[in-house]
Amino acid sequence: QVLLVESGGGLVQAGTSLRLSCAASGRALNKHTVGWFRRAPGKEREFVACIRGSGDTFASDSMKGRFTLSRDNAKNTVYLQVNSLKPDDTAVYYCAAGPYYARDYKGRYDYWGQGTQVTVSS
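Here the structure is a predicted model, which means the values were calculated and not measured. (Residues numbered from 1 in each chain as written. Predicted model: local features only at pLDDT ≥ 70, side-chain atom pairs only at ≥ 80, totals over all residues. Heavy atoms only, no water.)

S.K.: Can you walk me through the overall build of the protein in this structure?
M.R.: Assigned secondary structure in the protein consists of zero helices and 11 strands. N-terminal to C-terminal, the α/β element order of the protein is β-β-β-β-β-β-β-β-β-β-β. A compact globule built from 122 residues should have a C-alpha radius of gyration of about 14 Å, and the protein, at 13 Å, falls within 12% of that. Along the longest, intermediate and shortest principal axes, the C-alpha atoms of the protein span 40 × 25 × 25 Å. Within the protein, the fraction of its 122 residues that count as buried is 45%. Contacts in the protein between residues far apart in sequence, at least 24 positions, make up 57% of those at least 6 positions apart. Put simply, the protein shows about 6300 Å² of open surface, and 46% of that area lies on carbon and sulfur atoms. Here the protein contributes 16 positive and 10 negative side-chain charges, whose respective centroids are spaced 3 Å apart. (Helix = DSSP H or I, 4+ residues; strand = E, 2+ residues; numbered from the N terminus. Rg over C-alpha atoms; globule rule 2.2 N^0.38 Å. Buried < 20%, exposed > 50% of the residue type's maximum accessible area, 1.4 Å probe, protein only. Contact = heavy atoms within 4.5 Å. Areas by Shrake-Rupley, 256 points an atom, 1.4 Å probe, with all protein chains shown as cover. Lys, Arg positive; Asp, Glu negative; His and termini not counted. Charge placed at Lys NZ, Arg CZ, Asp CG, Glu CD.)

S.K.: Any chance you could explain the nonpolar core here in plain terms?
M.R.: Within soluble globular proteins, side chains that are nonpolar tend to cluster in buried spots. Residues L4, W36, L69 and L80 are the most contacted members of the largest nonpolar core, which totals 29 residues. Counting residues per element, the ones that place at least two in this core are β3 (18-25), β4 (33-39), β5 (45-51), β7 (67-72), β8 (77-82), β9 (91-98) and β11 (116-121). Counting residues in each nonpolar core, the second largest holds seven residues, with F47, F58, A96 and A102 among its members. (Core = buried A, V, L, I, M, F, W, Y, C linked by side-chain atoms within 4.5 Å.)

S.K.: Got a minute to help me understand the state of the cysteines in this structure?
M.R.: Under the counting rule described, the total for this entry stands at one disulfide. What pairs with C22 in a disulfide is C95, and their sulfur atoms sit 2.1 Å apart. One disulfide, between C22 and C95, carries an S-S torsion of 70° and so falls in the right-handed class. In this pair, C22 sits in strand β3 while C95 sits in strand β9, placing the two residues 73 residues apart along the sequence. Side by side, C22 and C95 carry an identical accessibility label, which is buried. C22 provides the cysteine sulfur closest to C50, a residue in no disulfide bond, and the two sulfurs are 13 Å apart. Residue class for C50 comes out buried when judged on its relative accessible area of 0%. (Disulfide = S-S within 2.5 Å.)

S.K.: How should I be thinking about the environment of R39 in this particular structure?
M.R.: Inspection of the secondary structure assignment puts R39 in strand β4. Taking C-alpha positions, R39 is 6.6 Å from Y93, a pair spaced 54 residues apart along the chain. Contacts of R39, omitting those with residues within four sequence positions, involve E44, R45, A91, V92 and Y94.

S.K.: Looking at this structure, I do not really get the pairing of β4. What am I missing?
M.R.: Put simply, side chains in a regular strand alternate between the two faces of the sheet. Counting buried positions over the seven residues of β4 gives six, a clear majority of the element. Where β4 meets β9, seven bridges bridge the pair, whose relative direction is antiparallel. When the bridges of β9 are listed, T33 appears paired with G98. Where β4 and β5 come together, six bridges link them in antiparallel fashion. For V34, the partnering residue across the bridge sits in β5 and is I51. Counting the residues between successive antiparallel strands, the hairpin from β4 to β5 contains five residues, one of them, G42, with a positive phi of roughly 75°. (Pairing = 2+ DSSP bridges.)

These figures come from the coordinates and say nothing about function on their own.
Have a look at this one:
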């Protein structure tokens, strides 16, 4: 069993950056793919980006060029930094852990956090 806890959300202005954290307990994250998803009001949960145990990263088209994913294995934590935030980035952001091949399909992820709210004002 893996328990995931997101943090780092908040109210920010457009154009600024934010770093979200996904801290895990119960199992080491470094052998999992860790994905970030988000759900905006009235919309489906959508893929944002993910990082594999190998360090390979993948991102949605809307996030390419604006994100950095990193791991701190000693802290069993994955970080998502998003730059140049836009009001359209407003959503609840979730992290999830899954097998190597999980990538952008939320159905392949086994463990989910409770989410952290990000609100971007214009």
